[in-house]
Amino acid sequence: MGVPQTMVALRERAAFMKESLQKSQTITDSMVAILGSFDHRLSALETAMRPTQIRTHSIRRAHENIDKSLKAAEGILTHFDLTRKAEAKILRGPHEDLESYLEAIDQLRSNVNFFSSNKNFKSSDGFLNHANQLLTKAISKLEEEFRHLLTNYSKPVEPDRLFECLPNSLRPSPGSPRHHGEATGKSGSEHQNKSLETAIYTVPTLIPPRVIPLLHDLSQQMVQAGHQQQLFRMYRDIRASALEDSLRKLGVERLSKDDVQKMQWEVLEAKIGNWIHYMRIAVKLLFAAEKKICDQILDGVDSLRDQCFAEVTVNSVAVLLSFGEAIAKSKRSPEKLFVLLDMYEIMRELHSEIEFLFGTKACIEMRESAMSLTKRLAQTAQETFGDFEEAVEKDATKTAVLDGTVHPLTSYVINYVKFLFDYQTTLKQLFQEFDASDPEAQLASVTTRIMQALQNNLDGKARQYKDPALTQLFLMNNIHYIVRSVRRSEAKDLLGDDWVQIHRRIVQQHANQYKRVSWAKILQCLTVQGGGPGGDSGSGGLSRAMVKDRFKTFNVQFEEAHQRQSQWTVPDSELRESLRLAVAEVLLPAFRSFLKRFGPMIEGGKNPHKYIRYSPEDLDRMLNEFFEGKTWNEQKR
């Protein structure tokens, strides 16, 4: 029973499912029919709409083309308008408003570029020609404005204004003869050199700061227009003229070697002092200021900037260096050594500034000329050194020193050596130009040789005296002067204590020789054979006549010595007193002893004052008149 029921139920479900499938198929067929109908209608509609779509697309494209054309026309009109405005500004010129004028030129250039890239425009060629002509006219006016501004502000710098830029130690005092350019003193002092190392220089303002940017902008426009050469020539001519005028006002003049040779030494020495002053002012102030404005005005155009600075300064540098060369090549003489050292010194002082200012390729000739002058000055100074040493030894001046005092050659050479020590640093640098050995040892060697040359010459001059006593006095005076001067100077440290001690002994030797030569015969009058001077061994074998003769001879010889030697001179007071005392210590005891022993033999006779003319006190007083350099008339008073 159970199975048949189940089968019935399955059959009924299968029938239901079949009926459902048949209904679903019917619905599907209906939908397909409907969709097919829609597809047919849509195709018909699309066919109908196609002409309308085509017309709409064409209209849209036309609108886009019109917009583009309008925008292009608007741009062209804008550039035309800007060109018109720029032209108006350019025609008015740069004087009223230079900044606006420069903007107009930039705008005109921009418009030229615009139309150059839009050649399709029918009138572009005509516009470009007009615009380029306008640009040419504008740049020409710019050049005129650049020339006007640069000329108007390129005035020579007055000397007083330059002096105000110097350190106080180098400024000439108002009202002094030096106020118009002469140097305030030698630069050879070691102390002054040290003070100059820290000296402050104020570079003068050649062109007002407010004008510099305008000149810079003008120069940039000229460079952009391809007018570099015009700019170069204008800048060079105007600034070079102003610089040369500044130096001329200061006192710089062009002098040839022949001019230098013809000058008196005093005039030439003053001009060399001025030249040193001018070099310092030119390099540290004028050239430095010129470099500064050149860098600012021509900033961004390096090759032109360097060439301009070189051409602006070349003539001024040549004038200054040519004078130095003329001195270095002129006839050598001892007095020129110190000015040569001064000149060498200033070139060394300015070396770093010259290297900086003239460090570019365009300035190489000026830089090398300065270095060449420095070397030439060193060489000439060294040769002059050698000449001086030889001249001292061979000096044959006939200047007679009748009183045996210090010879002019001695004081000249000693002062010369003292001056040398004011140039110690410079001399050591100079020695190193040619020799790598110890410069201090070289200086000591040179000084020693000069001293020896002087002594050799003095020995020769001493032999010209006919009186041997005066020969010794002359040598004593001169060697003593040398020793005293060395002891009071820096030469002592260089020559050493041994040198000083040796020469002090030489002074004493000449003093002893003087006493021996000058007083031996006089003392002989007071000597009794076998008893020494004034000995007490009886009468010593001397008769009254012999004693009279001794007193007479003593009187004559002492009076002659007094007459001569009171005209002689020992200029050093200590040495003079020492020498008098040394003579008195020998003469007075001998005279007292002789007078005591033999005086009674004369005093009891006739006219004793004829023979005993002087007391020991008289002799002492008269000895104090020795070496005073008195004339014969002064002695008779």
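Residues numbered from 1 in each chain as written. Predicted model: local features only at pLDDT ≥ 70, side-chain atom pairs only at ≥ 80, totals over all residues. Heavy atoms only, no water.

As annotated in an unreviewed UniProt entry, the protein carries the name Exocyst subunit Exo70 family protein and is attributed to Manihot esculenta. According to the UniProt record, the Function (unreviewed entry) comment for the protein reads "Component of the exocyst complex." (UniProt positions renumbered as here; feature names shortened; annotations may be inferred.)

Right, let's talk about the confidence of the model for the protein for a bit. Counting all residues, the mean pLDDT for the protein is 83, and 75% of those residues have values of 70 or more. Every residue in residues 175–191 is under pLDDT 50, and counting partners more than four places away or in other chains gives 49 contacts. (pLDDT = per-residue confidence, 0-100. Contact = heavy atoms within 4.5 Å.)

This part takes up helix H6 (residues 212–224). The end-to-end C-alpha distance of H6 is 18 Å, a good match for the 18 Å that 13 residues give at a rise of 1.5 Å each. Residues Ile 212, Leu 215, Leu 218, Ser 219, Gln 221, Met 222 and Val 223 constitute the buried set of H6. Count one or two residues on from H6 and you reach Gly 226, which has phi positive near 80°. (Helix = DSSP H or I, 4+ residues; strand = E, 2+ residues; numbered from the N terminus. Expected span 1.5 Å × (residues − 1). Buried < 20%, exposed > 50% of the residue type's maximum accessible area, 1.4 Å probe, protein only.)

This part takes up the packing of helix H9 (residues 265–297) against helix H10 (residues 302–329). If you want to describe how two helices pack, look at the angle between their axes and the distance between the axes. In contact at an axis separation of 11 Å, H9 and H10 are set at 170° when each is read in the N-to-C sense. With respect to each other, H9 and H10 are oriented roughly antiparallel. Contact with H9, carried on its side by Leu 268, Lys 271, Ile 272, Trp 275, Tyr 278, Met 279, Ala 282, Phe 287, Glu 290, Lys 291, Cys 294 and Asp 295, involves Arg 305, Cys 308, Phe 309, Val 312, Thr 313, Ser 316, Val 317, Leu 320, Leu 321, Phe 323, Gly 324 and Ile 327 of H10 and no other residues of that element. Partitioning the contact of H9 with H10 into residue classes produces 16 nonpolar, three polar and five charged. (Axes fitted to C-alpha atoms, helices over the stretch in contact; angles between N-to-C directions. Parallel < 35°, antiparallel > 145°, perpendicular 65-115°, else oblique. Nonpolar A, V, L, I, M, F, W, Y, C, P; charged D, E, K, R; others polar.)

On to the pattern of salt bridges, then. All told, the structure shown has 26 salt bridges when counted by the stated rule. For Glu 628, the salt bridge goes to Arg 576, with nearest N and O atoms at 4.0 Å. Taken together, the positions of Glu 628 in the loop between helix H22 (616–623) and helix H23 (632–636) and Arg 576 in helix H21 (residues 573–603) put the pair 52 residues apart, joining distant regions of the chain. Glu 628 gets classed as partly exposed once you look at its relative accessible area, which sits at 36%. A single salt-bridge network, built from bridges that share partners, covers Asp 295, Asp 302, Arg 305 and Asp 306. (Salt bridge = Lys/Arg side-chain N within 4 Å of Asp/Glu carboxyl O.)

What follows is about the nonpolar core. Counting 164 residues, the largest nonpolar core has Phe 146, Trp 275, Met 347, Tyr 514, Trp 519, Phe 551 and Leu 587 as its most contacted members. No other element matches H9, which puts 18 residues into this core. The contacts of Tyr 514, once residues within four sequence positions are left out, are Ala 469, Gln 472, Leu 473, Trp 519, Gln 565, Trp 568, Leu 579, Val 583, Phe 626 and Phe 627. (Core = buried A, V, L, I, M, F, W, Y, C linked by side-chain atoms within 4.5 Å.)

Our next topic: the environment of Glu 311. Tracing the backbone through its elements, the reader meets Glu 311 in helix H10. Not counting chain neighbours up to four residues away, the residues in contact with Glu 311 comprise Phe 232, Arg 236 and Ala 240.

Right, let's talk about the side chain of Thr 447 for a bit. Relative to the helices and strands, Thr 447 is located in helix H16 (residues 439–462). Setting aside chain neighbours within four positions, we find Thr 447 in contact with Val 417, Phe 421, Leu 494 and Leu 495.

We now examine the state of the cysteines. All told, the structure shown has zero disulfides when counted by the stated rule. Cys 308 provides the cysteine sulfur closest to Cys 294, a residue in no disulfide bond, and the two sulfurs are 5.4 Å apart. Overall, Cys 294 belongs to the buried group, its relative accessible area being 1%. (Disulfide = S-S within 2.5 Å.)

Even without being glycine, Asn 607 reaches a positive phi, approximately 50°. A positive phi angle, near 65°, is found at Phe 627, a position not held by glycine. As for its position among the elements, Phe 627 is in the loop between H22 and H23.

Turning our eyes to something else, we now look at a negative patch on the surface. There is a patch of like negative charges on the surface, built from Asp 422, Glu 490, Asp 493, Asp 497 and Asp 498. Structurally, the position occupied by Asp 498 is in helix H19 (residues 497–525). (Patch = residues over 30% accessible without salt bridge, like charges linked within 9 Å, V, L, I, M, F, W, Y side chains within 5 Å. Areas by Shrake-Rupley, 256 points an atom, 1.4 Å probe, with all protein chains shown as cover. Lys, Arg positive; Asp, Glu negative; His and termini not counted. Charge placed at Lys NZ, Arg CZ, Asp CG, Glu CD.)

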